[in-house]
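Notes for the structure review
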Amino acid sequence: MKQRALPLAALRGAVAGAAAGLAFAAAMRQSGALVTVASIVHASPAGLDFVAHLLVAAAVGAGFGTLVSSERLGVGELLFWGLTYGMVWWFVGALTVAPMLLAGRAIWTVAAAQAALPSLFGHLWYGAITALIYAAITPGPSDGRPRVTGGTVGAGVLAGVAGAWLLERLIATQSPWLGTTGLSLATSSPAHRFVFLTGVLGGLVFALLYPQPRDAAGPGLIRGALFGFVWWAAAALSALPEINGGGLAWSLEAVRARFPALPAFVLYGGLVALVYRWLLAAGRLLFADDATPRDEEGTGTRGLRAIGRGAFAGLIGGLVFTLVMVRVGFLPTVAQIVGAASPWSGFLVHLVIANIIGASYGLLFLGRSVGTGSALGWGVSYGFFWWILGPLTLLPVLLGGAPRWTPQVAGALIPSLVGHLAYGGAVGIVFYLLEVRYNPWWVPHTELMAAQSERRRAEVLASASALWVLVVMLGLTLPIMLACGMAPAYSGTATARGAYGQSSGEAGPCP
Amino acid sequence: MNTSIRHTVVAGGISGLVAGLVPALSLDVNSPGTMSVGPAGWGAVSVALQLVLAMLGGAGFGALVRDQLDGRAATAASGLLYGLLWWIVGPLTVAPMAHGHIPTWSLRDATATFPALIASLFYGGVLGGVLPLLTGTFGNPRASARCEPVVRPVRRIVILGGGFGGVSVAQRLEFLLARDPSVQITMVSQSNYLLFTPMLAEVAASGLEPQHISAPVRAAFLRVEFRHAELETVNVAARLVRTRAAGAARIDALHYDHLVLALGAVPNLRRVPGLEAHAFTLKSLDDANRLRNHVIGLLERADVEVDPHERRRQLTFVVVGGGFAGAEMIAELRDLVHSVRRFYRGIDPGALRFVLVHSGERILPELGSALAAYARRKMEARGIEFLLGARMAAAHSDSVVLADGRTVPTRTIVWAAGNQPHPLLRSLPVERSQSGAVIVEPTLQVKGLPNVWAVGDCAQIPDAFHEGSSCPPTAQHAVREGIAVAENIVAVLRGIAPRPFRFRTIATLVALGHRTAVADVRGWRFSGFLAWAMWRTVYWWKLPGLEKKIRVALDWTIDLFFPRDVALLTASPSVPQGLDAPEPGRGASSVPTPAAPPPPAT
Ligand SMILES: Cc1cc2nc3c(=O)[nH]c(=O)nc-3n(C[C@H](O)[C@H](O)[C@H](O)COP(=O)(O)OP(=O)(O)OC[C@H]3O[C@@H](n4cnc5c(N)ncnc54)[C@H](O)[C@@H]3O)c2cc1C
């Protein structure tokens, strides 16, 4: 069966890829730069380059089909695989192969990446469409893909409303920096309406993508955060500018101008995912006729232990993070949260926070790692989420200011991002090691336990790796690409500056 | 672990080498900001160094993802992630250090090393793509099912009793043997829950719900096999335990390699005539419920009683035994009655009597004299009478008779003056103390039977800190003894000598009702509200599981604002037990009848 399945998947991938290639070409034409492998045949007669482009798109799509054919994935999972795949092809195609063929060597500088930024969004677009079409033309797993019901749609819309409320609030704080992007909520009421509708619609789309999410709250949160990014790209960078008649806003300058809305969308996505999950759980609790056999225990059962282990892991992670904190002189800033100033009090506050976030990791990601690799993946993803929520959002608020999400600020906080990733990675791995010390999932005591372990493992591995890598890939490269070459951050108050890194000259020139 | 770690590390190293070639070839290594290692101009040396690093990185990747090599997309994605982290560790952190700079992780550095970031991505992607090819899982993604095959256990440890001692042994064993499925851990217990005895008096006093202090033992285990059954006999020669499934006649035989006795103790009611028929005990949930219903039933009767003598008897509550169990019990009884008295308008508060009978000259011998005196003062101020130096001579349905001839007319006698180890132990061919406890070595092994261990109230364990005396029968000790036994059993299984048990009481806390308590923490003495807060905090924290903690916290909160519940939950509440004839079967739950002697050891 295997022998036939692989070519078939490749074929489906090719079809999907070709179709996505059309969309890609349309988008690229719109934004003015078709930076793909196909652009090397630009010189040839008109039409030929288009054919070449479609052929390449189909071939790349076939690769996608081959890659994901062995996994049993829902539409939503495939979407993230598609995005990851698209982004990888941006590195391979736009930044490596194309320049190699054109200029004789790969150009991997930030400047080159910045120039190719529209193409990045094009590639993401391509990947997403390939994945969705592939999902549409591939029969689901034998036990059926989860079905969309009235309940899921309702939960999605409600979650969307909750998310929209948050989104509006968050974007409102960024109005001064969103300028003429159409997102500034300072005055315009169409913008208000757009943001609110975007939020609600996002909830609905999320529900359609994940009709019955099986994973725990933590993985759901990461998924939601990433969905927030996708929704930002779709709404703020594409739909809104299109509506306003300006065409896709995928160029460096356009993305920079809309970047302040991105953290808002990420937090929005996280909230939507959590609320959606809770609503579904509540719905199951109240309305499901038959309690579907659940072999998972309630969070409460092992919750205390998970909190304890998470807190310990948080402590270790916090110590790792301290190295970065000390180096960039961030501790006194942290101390200001409690009104102190010395590095030592900062260190204490920092450890307490690390502890609490670690404990929350334990609760959210309990039993969700099936090896050091996945532990690392969840950990760094969670660390990234807290970079957005912590230094970018809560810290300025706790220090009595307001969050400011310009690319310069994000660029100035890259050391903190590195610290958060290191923290998250350490938390994930330490927590996992503690967990398997008590419960090594690979030593089953009954056939039933073995089957459960295997199923959970397959679930985690099949869908989650795309999430982790996409989170980190975007999290690292976007701030660098956008911040690089911008004028020095700003000359705010000492406190605010402290919150964003000690020197305002961080966003230096771009080599 | 199907794919051995060495295999994946080697395969990872090779993949790393292959992956390292990609960026090395595609870029001019000496251009600024790439993954170049060593000073500019090293050329080939730099490339070689870089390849060595790439190989090491690959080996690290192999070790990291050895559990998840079975999905090609998953592994490739993990490779990319690894590449990104590799960029942070390498070009962003180690490289500046190698050149004598302190890493800053700043945007400037990130920008400068951006080419290396992409190179790292390529490296990681190729690494993640090649590794599954080398470990042979590419074409057959689900071939390396990661679970080990289910192993049939070849050895068995049987734990008798699911109280503090037994559960502690089982939990520790489960942890120590987590990766050793060849040893089966079996627990046999009459009750399928762990009874949190420190709060039992509060249940009897209607302050807590019975279920809230009983934690199902199954919930505490991941792999321990639990058998809800009663122990019938132990045959130490044949290493065989016979059990009778709860509520059934079926007898099962269990073979053991190691046996742990943790059967606890039962009240000793034979000491005084009339006790078995007329006294309440406080050892099980049944006991607590019965006592609670009895007291409320008496209040109901007294409220309408016309005979003043009978009413006096009904409103007199006697607890025998001035240790911590007795002191806590009388204090809780008083709290119960005073909390609900308002519902019984026919009862004169002045007619209520609470009497503590104690054979010693001072109560709470477990504590120092200062604390004991404080406790007595406090309780006397609340109207509790003390009959000290008084031995109980007989119990009747309507009175307690003391050795000096005094009588206390009462309808309620609670016995808290002595337990005895589980009577089943008498059938074992082992050395026992006067009270009937199994005498064990300092390693907790039963004398003469190295594969039989005993913990808790049923064992007499030498106290390592007080020559000649033995460990007190408390939960505090039982839990530590359990841990020690588990560790010793595992040591013996692994051919290591077991170690003697050493534990010194950390704290003795006694609740005296109504937000007062006394506490002795390693010689530090506390009393009053602070000690009460300590009592609540400590025992609340010790409650097994989050769920029970929440439930008890809620009960306590409700208790702050509402009177206790006086709903009578017996079928015939109007006839308090112990009033006329001994109720059939009462006491039977507390005092199991000794089983027939075991078959002679062969
Ligand atoms: C009212 C009260 C208050 C207390 N307060 C405190 C306190 O505050 N602090 C403290 O440290 N200690 C306290 N203790 C003492 C503490 O409860 C005991 O020391 C502890 O329970 C001893 O543990 P164990 O495992 O030896 O026995 P237990 O906990 O009594 O467990 C015995 C187990 O054996 C099982 N069993 C009995 N017979 C059979 C059979 N035939 N077959 C199968 N299973 C059987 C029972 O079901 C039970 O699970 C208190 C005791 C009481 C009664």
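Residues numbered from 1 in each chain as written. Chains lettered and ligands numbered in written order. Predicted model: local features only at pLDDT ≥ 70, side-chain atom pairs only at ≥ 80, totals over all residues. Heavy atoms only, no water.

Summing up its helical and strand segments, chain A has 19 helices and 0 strands in all. Counting only contacts in chain A whose residues sit at least 6 apart along the sequence, the fraction spanning at least 24 positions is 80%. (Helix = DSSP H or I, 4+ residues; strand = E, 2+ residues; numbered from the N terminus. Contact = heavy atoms within 4.5 Å.)

Attention now moves to helix α2 (residues 48-68) of chain A. A rise of 1.5 Å per residue sets the reference length of α2 of chain A, with its 21 residues, at 30 Å; its end C-alpha atoms lie 30 Å apart and thus fit the reference within 8%. Of all the residues in α2 of chain A, the buried ones are Asp-49, His-53, Ala-57, Ala-58, Val-60, Gly-61, Ala-62, Phe-64, Gly-65 and Val-68 of chain A. (Expected span 1.5 Å × (residues − 1). Buried < 20%, exposed > 50% of the residue type's maximum accessible area, 1.4 Å probe, protein only.)

This next bit is on the nonpolar core. Residues Phe-80, Phe-121, Trp-232 and Phe-265 of chain A are the most contacted members of the largest nonpolar core, which totals 188 residues. Looking at this core, the element that brings in the most residues is helix α18 (residues 447-483) of chain A, giving 19 residues. The contact partners of Phe-80 of chain A, leaving out residues within four places of it in the chain, are Tyr-210, Arg-223, Leu-226, Phe-227, Val-230, Ala-466, Leu-467 and Leu-470 of chain A. Membership of the second largest hydrophobic core comes to 121 residues, among which are Ile-159, Val-167, Leu-298 and Val-414 of chain B. (Core = buried A, V, L, I, M, F, W, Y, C linked by side-chain atoms within 4.5 Å.)

In this section: the site of the ligand. All names here are of chain B. Surrounding the ligand, one finds 29 residues, the nearest of these being Gly-165, Thr-197, Leu-231, His-422 and Asp-457. Between His-422 and the ligand, the recorded distance is 2.8 Å, taken from a side-chain N or O atom to a nitrogen atom. Bound to the protein, the ligand loses 91% of the 980 Å² it would expose on its own. Within the residue set of the shell around the ligand, elements represented by two or more residues are α6 (164-176), β5 (225-235) and α13 (475-493). When grouped by side-chain class, the residues that make up the shell around the ligand number 13 nonpolar, 13 polar and 3 charged. The residues that make up the shell around the ligand include at least three from each of domain 2 (152-267 + 421-493) and domain 3 (275-417 + 508-561). (Near = heavy atom within 4 Å. Polar contact = N/O pair within 3.5 Å; in protein donor to acceptor, adjacent residues only side chain to side chain. Areas by Shrake-Rupley, 256 points an atom, 1.4 Å probe, with all protein chains shown as cover. Nonpolar A, V, L, I, M, F, W, Y, C, P; charged D, E, K, R; others polar. Domains from an automatic or database assignment.)

So, on to the domain arrangement of chain A. Residues and elements named next belong to chain A. Split by domain assignment, chain A resolves into domain 1 (2-137), domain 2 (150-287) and domain 3 (303-499). On the side of domain 3, 14 residues touch domain 1, which itself brings 16 residues to the contact. Contact between domain 1 and domain 3 buries roughly 1,300 Å² in total, counting both sides, with carbon and sulfur atoms accounting for 83%. When residues of domain 1 are sorted by the area they lose upon contact with domain 3, Trp-81, Thr-84 and Met-87 head the list and together hold 32% of the total. If you look at where domain 1 meets domain 3, you find 0 salt bridges. Taken together, the links from domain 1 to domain 3 amount to 3 residue pairs in polar contact (both at pLDDT 80 or more). When contributions to the side of domain 1 that touches domain 3 are tallied by element, the ones reaching two or more residues are α3 (75-103), α4 (110-115) and α5 (117-137). The element best represented in the side of domain 1 that touches domain 3 is α3, accounting for 9 residues. (Buried area = accessible area lost by both parts, 1.4 Å probe. Salt bridge = Lys/Arg side-chain N within 4 Å of Asp/Glu carboxyl O.)

Contact with chain B, which involves 59 residues of that partner, is made by 79 residues of chain A. The contact between chain B and chain A buries some 6,000 Å² in all, and 72% of this surface belongs to carbon and sulfur atoms. Applying the counting rule to chain B against chain A returns 0 salt bridges. The interface formed by chain B and chain A includes 3 residue pairs in polar contact (both at pLDDT 80 or more). At the level of secondary structure, the elements contributing two or more residues to the side of chain B that touches chain A comprise α2 (44-64), α3 (72-98), α4 (107-112), α5 (114-134), α6 and α15 (546-561) of chain B.

Quick look at the domain arrangement of chain B now. All names here are of chain B. As far as domains go, chain B holds domain 1 (3-145), domain 2 (152-267 + 421-493) and domain 3 (275-417 + 508-561). Between the C-alpha centres of domain 2 and domain 3 the distance comes to 30 Å. Each partner contributes to the interface: domain 2 provides 27 residues, whereas domain 3 provides 26 residues. For the pair domain 2 and domain 3, the summed buried surface comes to about 2,400 Å²; carbon and sulfur atoms form 69% of the total.

We now examine the sheet that holds strand β14 (residues 392-395) of chain B. Strands pair in a sheet through their backbones, by hydrogen bonds, and they do so in one of two ways: parallel or antiparallel. Residue and element names in this part refer to chain B. Pairing within the open sheet is antiparallel, and its 3 strands lie in the order β14-β15-β16. Looking along the sheet, the strands with just one partner apiece sit at the ends: β14 and β16 (407-409). Direction aside, the axes of adjacent strands within the sheet are offset by 20° on average. One ladder, built from 3 bridges, connects β14 with strand β15 (residues 399-402); its direction is antiparallel. Opposite Ala-394, over in β15, you have Val-401 as the bridge partner. (Pairing = 2+ DSSP bridges. Axes fitted to C-alpha atoms, helices over the stretch in contact; angles between N-to-C directions.)

The subject of this paragraph is the sheet that holds strand β7 (residues 251-255) of chain B. All names here are of chain B. Pairing within the open sheet is mixed, and its 8 strands lie in the order β7-β6-β5-β2-β1-β8-β21-β20. With one partner strand each, in any of the chains shown, β7 and β20 (445-446) form the two edges of the open sheet. Pairing between strand β1 (residues 155-160) and strand β8 (residues 258-261): 4 bridges, direction parallel. Bridged to Leu-160 within β8 is Leu-261. Set on the sheet, α13 makes contact with β1, β2 (183-189), β8 and β21 (449-454); between it and β8 the angle comes to about 170°.

The next subject is the packing of aromatic side chains. In this description, a pair of aromatic rings is defined by centroid distance and the angle of the planes. Under the criterion given, the structure shown has 37 aromatic pairs over all chains. Judged by centre distance (5.1 Å) and plane angle (15°), the rings of Trp-108 of chain A and Phe-122 of chain B are stacked. Highlighted residues: Trp-108 of chain A in the loop between α3 and α4 and Phe-122 of chain B in helix α5, drawn from two different chains. Across the pair, Phe-122 of chain B and Trp-108 of chain A agree in class, each one buried. Plain terms: the ring middles of Trp-535 of chain B and Tyr-539 of chain B are 4.6 Å apart, the flat faces sit at 45° to each other, and that makes the pair tilted. Of this pair, Trp-535 of chain B and Tyr-539 of chain B both sit in helix α14 (residues 528-542), separated by 4 residues, roughly a single helical turn. Summarising the burial analysis for this pair, Trp-535 of chain B and Tyr-539 of chain B share the class buried. Here the aromatic cluster, defined as three or more aromatic residues joined through ring pairs, consists of Tyr-361, Phe-365, Trp-378, Tyr-382, Trp-386, Phe-431 and Trp-468 of chain A. When the ring centre of Phe-465 of chain B is taken as reference, the NZ or CZ atom of Arg-504 of chain B above it lies at 5.3 Å. Between the NZ or CZ atom of Arg-536 of chain B and the centre of the ring of Trp-556 of chain B, over which it lies, the distance is 3.9 Å. (Phe/Tyr/Trp six-rings, centres within 6.5 Å; stacked < 30°, edge-to-face > 60°. Lys NZ or Arg CZ within 6 Å of the ring centre and 35° of its normal.)

This part covers the packing of helix α8 (residues 189-209) of chain A against helix α11 (residues 262-287) of chain A. All names here are of chain A. Running from N to C, α8 and α11 point in directions that differ by 50°, and their axes come no closer than 10 Å. For the element pair α8 / α11, the angle class is oblique. Considering how the two elements wind past one another, α8 and α11 form a crossing that is right-handed. Counted together, Thr-198, Gly-199, Gly-202, Gly-203, Phe-206 and Ala-207 of α8 and Phe-265, Tyr-268, Val-272, Ala-273 and Tyr-276 of α11 form the full contact between these two elements. Classifying every residue of the contact of α8 with α11 gives 7 nonpolar, 4 polar and no charged. (Parallel < 35°, antiparallel > 145°, perpendicular 65-115°, else oblique. Left-handed = near helix turned anticlockwise from the far one by under 90°.)

Residue and element names in this part refer to chain B. With respect to the helices and strands, the residue His-358 is situated in strand β12 (residues 353-358). Owing to a relative accessible area of 9%, His-358 belongs among the buried residues under this scheme. A distance of 2.9 Å separates a polar side-chain atom of His-358 from the backbone nitrogen of Gly-322. Among the polar contacts listed, one links the side chain of His-358 to the backbone oxygen of Arg-362, at a separation of 3.1 Å. When residues no more than four places from it in sequence are discounted, the contact partners of His-358 are Gly-321, Gly-322, Gly-323, Ile-363, Pro-365, Leu-387, Leu-388, Gly-389 and Ala-390.

We now examine the pairing of strand β23 (residues 507-511) of chain B. For a regular strand, side-chain orientation follows a simple rule: the groups alternate between the two sheet faces. Residue and element names in this part refer to chain B. Most of β23 sits out of view: 5 of its 5 residues are buried. A two-sided burial pattern is seen for β23, the buried positions comprising Ala-507, Leu-509 and Ala-511 on one face and Thr-508 and Val-510 on the other. Relative to strand β24 (residues 517-521), β23 is paired through 5 bridges, and the arrangement is antiparallel. Each bridged residue has a counterpart across the sheet, and for Leu-509 the counterpart in β24 is Ala-519. Counting the residues that bridge the hairpin from β23 to β24 gives 5 residues, and of these Gly-513 lies at a positive phi of roughly 80°.

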